Amino acid sequence: MAESISRKDTSAAYIAAAIDGEGCIYSYFRKQTNPTARHCKTLSTAVCIWNTNPWFIRRVTECLLQLSVPFAISISRSGGARMGIQIVIQGKGRTDKLLRLILPYLGGKRRQAEIVLEVIAYRASLAERFREQKGQFDFMSLDQDET
């Protein structure tokens, strides 16, 4: 009996392969732009895929649409003069959704995805513990948090 695979599974596997080969998964501190939070840095998470092949970029965006994961596209340069297209999935909710969908299919970047998911879960636990509001991350500085 043949096993079938859904379109969403196929899209998740394709995105995982694209990230393994042409992407990065990361967390970083970002300075708030809100004037009331001048000295506050927040933790952000993102997944990026960069490539010069328009067909490849189109296929990646089609897969992200199939998975209902919002993304942004920009034209950028790599370290040299090569122009390429960068796809960015940014924000804790979007990153969490994407990484959970593609985690079973990731190879070389699986550990990076697991670490970012742990960071997101830890950040959510802080919001719930100190603000008693699920998912409210704004203006909580993690600069001094050793964890």
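Only a predicted model underlies this, so the values are computations on that prediction, with no experimental measurement involved. (Residues numbered from 1 in each chain as written. Predicted model: local features only at pLDDT ≥ 70, side-chain atom pairs only at ≥ 80, totals over all residues. Heavy atoms only, no water.)

Draft legend 1. Highlighting the side chain of Thr45. Within the secondary structure, Thr45 sits in strand 2 (residues 41-51). Looking at Thr45, the relative accessible area reads 1%, which means it is buried. Among the polar contacts made by the side chain of Thr45, one reaches the side chain of Thr95 at a distance of 3.3 Å. Sequence-distant contacts of Thr45, defined by excluding residues within four places in its chain, comprise Tyr26, Ser27, Tyr28, Ile89, Gln90, Gly91, Lys92, Thr95, Val116 and Ile120. (Helix = DSSP H or I, 4+ residues; strand = E, 2+ residues; numbered from the N terminus. Buried < 20%, exposed > 50% of the residue type's maximum accessible area, 1.4 Å probe, protein only. Polar contact = N/O pair within 3.5 Å; in protein donor to acceptor, adjacent residues only side chain to side chain. Contact = heavy atoms within 4.5 Å.)

Draft legend 2. Structural context of helix 2 (residues 54-66). End to end, helix 2 covers 18 Å across 13 residues, agreeing with the expected 18 Å (1.5 Å per residue, within 8%). Among the residues of helix 2, Phe56, Ile57, Val60, Thr61, Cys63 and Leu64 are the ones counted as buried. All buried residues of helix 2 project into a common sector of 160° when viewed along the axis, lining one side. Turned more than 90 degrees away from the buried face of helix 2, the exposed residues are Pro54, Trp55, Arg58 and Leu65. (Expected span 1.5 Å × (residues − 1). Arc of directions from axis to C-beta.)

Draft legend 3. Looking closely at the environment of Ile87. Mapping Ile87 onto the fold places it in strand 4 (residues 83-90). Separated by 13 residues in the primary sequence, Ile87 and Ser74 have C-alpha atoms spaced 6.7 Å apart. Excluding residues within four positions of it along the chain, Ile87 makes contact with Val47, Cys48, Ile49, Ile57, Val60, Thr61, Leu64, Phe71, Ala72 and Ile73.

Draft legend 4. Main features of the pattern of salt bridges. In the structure shown here, the tally under the stated rule is 6 salt bridges. For the salt bridge of Arg58 with Glu62, the shortest nitrogen-to-oxygen distance reads 3.0 Å. Of this pair, Arg58 and Glu62 both sit in helix 2, 4 residues apart, which is roughly one turn of that helix. Linking Arg111 and Glu114 is a salt bridge whose minimum nitrogen-to-oxygen distance equals 3.4 Å. A residue pair is termed a helical-turn pair when its members lie 3 or 4 positions apart in one helix, as Arg111 and Glu114 do in helix 4 (residues 110-131) at 3 residues. Given the relative accessible area of 47%, Arg111 is considered partly exposed. Overall, the relative accessible area of 25% leaves Glu114 in the partly exposed class. Taken together, the shared-partner salt bridges in this structure form one network comprising Arg110, Arg111, Glu114 and Glu118. (Salt bridge = Lys/Arg side-chain N within 4 Å of Asp/Glu carboxyl O.)

Draft legend 5. Quick peek at the environment of Lys97. Relative to the helices and strands, Lys97 is located in helix 3 (residues 92-102). Take Lys97: its relative accessible area is 36%, and that puts it in the partly exposed class. Residues Lys97 and Leu67, spaced 30 residues apart in sequence, show a C-alpha to C-alpha distance of 9.3 Å. For Lys97, the residues in contact, after removing those within four places along its chain, are Leu67, Ser68 and Val69. Only 2.6 Å separates the side chain of Lys97 from the backbone oxygen of Ser68, close enough to count as a polar contact.

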